Amino acid sequence: MSRLTGDWSKLSRILNNIEKFAEKIKILLEVDTAKKVEIQLKENIKKQLLDLPPLKEEYKKKKSKNNLDVRTLIATGEYVDRLRVFEVKKTKDQIIIVVGASDEDKHHSGLTIGELARIIEYGTPTQPPRPHFRLTWEEIKGKIKKEVVNLVEKEFKKLL
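Asks: Help me understand unusual backbone geometry in this model?
Replies: Within the chain, Gln48 stands out as a residue other than glycine whose phi angle is a positive 55°. Look at Asn67: it is not a glycine, yet its phi comes out positive at around 55°. Note on placement: Asn67 falls in the loop between helix 2 (57-65) and helix 3 (78-82).

Here it is in structure tokens:
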């Protein structure tokens, strides 16, 4: 005859709280992670920390003449300031959050911020790509993964 021993009330409590745990983790991960990516992306642009193709000298001179910021991806600050975390879709089981630019926000050029972001990220026949989103993610994804594991472990320990 076999006997199982253990703290069955503790197991019951853990199982009863697992759904709340999963929901809390999901929100923390999605929102917190996205915000960290947004902050790093903006810092990379403002401090010129990414290895992006330089602006053409004639364009830099034109920016300077018009009292605009001569740094790459910054003229008035309008573009970088409008990069943000936004919710794309929410269902019972998931929230899709994007760090980027919205097609609802208009840039002074007439383009949406989203259109401008795609042009900058992927380039055009006359403008080289300046993949600030991809390079920022490549830079921080290892750190983010470690933080995610630590957060899940920390929250799971609270269940025990």
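Asks: Honestly, the pattern of salt bridges in this entry has me stumped. Any pointers?
Replies: Pairs may arise between side chains of opposite charge once their charged atoms sit close together. Using the criterion set out here, one finds 12 salt bridges in the structure. Note that Lys36 is salt-bridged to Asp32, the shortest N-O span being 3.3 Å. Of the two residues, Lys36 and Asp32 are both situated in helix 1 (residues 8-46); the distance of four residues between them amounts to about one turn of the helix. By relative accessible area, which is 32% here, Lys36 ends up partly exposed. When the shortest N-O distance is used, the salt bridge between Asp105 and Arg84 registers 3.5 Å. Of this pair, Asp105 sits in the loop between strand 2 (95-100) and helix 4 (113-122) while Arg84 sits in strand 1 (residues 84-90), and the two are 21 residues apart along the sequence. Accessibility expressed as a relative area gives 29% for Arg84, which makes it partly exposed. Among the ionic contacts, a cluster of salt bridges with common partners joins Asp32, Lys36 and Glu147.

What counts as what
Residues numbered from 1 in each chain as written. Predicted model: local features only at pLDDT ≥ 70, side-chain atom pairs only at ≥ 80, totals over all residues. Heavy atoms only, no water. Helix = DSSP H or I, 4+ residues; strand = E, 2+ residues; numbered from the N terminus. Salt bridge = Lys/Arg side-chain N within 4 Å of Asp/Glu carboxyl O. Buried < 20%, exposed > 50% of the residue type's maximum accessible area, 1.4 Å probe, protein only.

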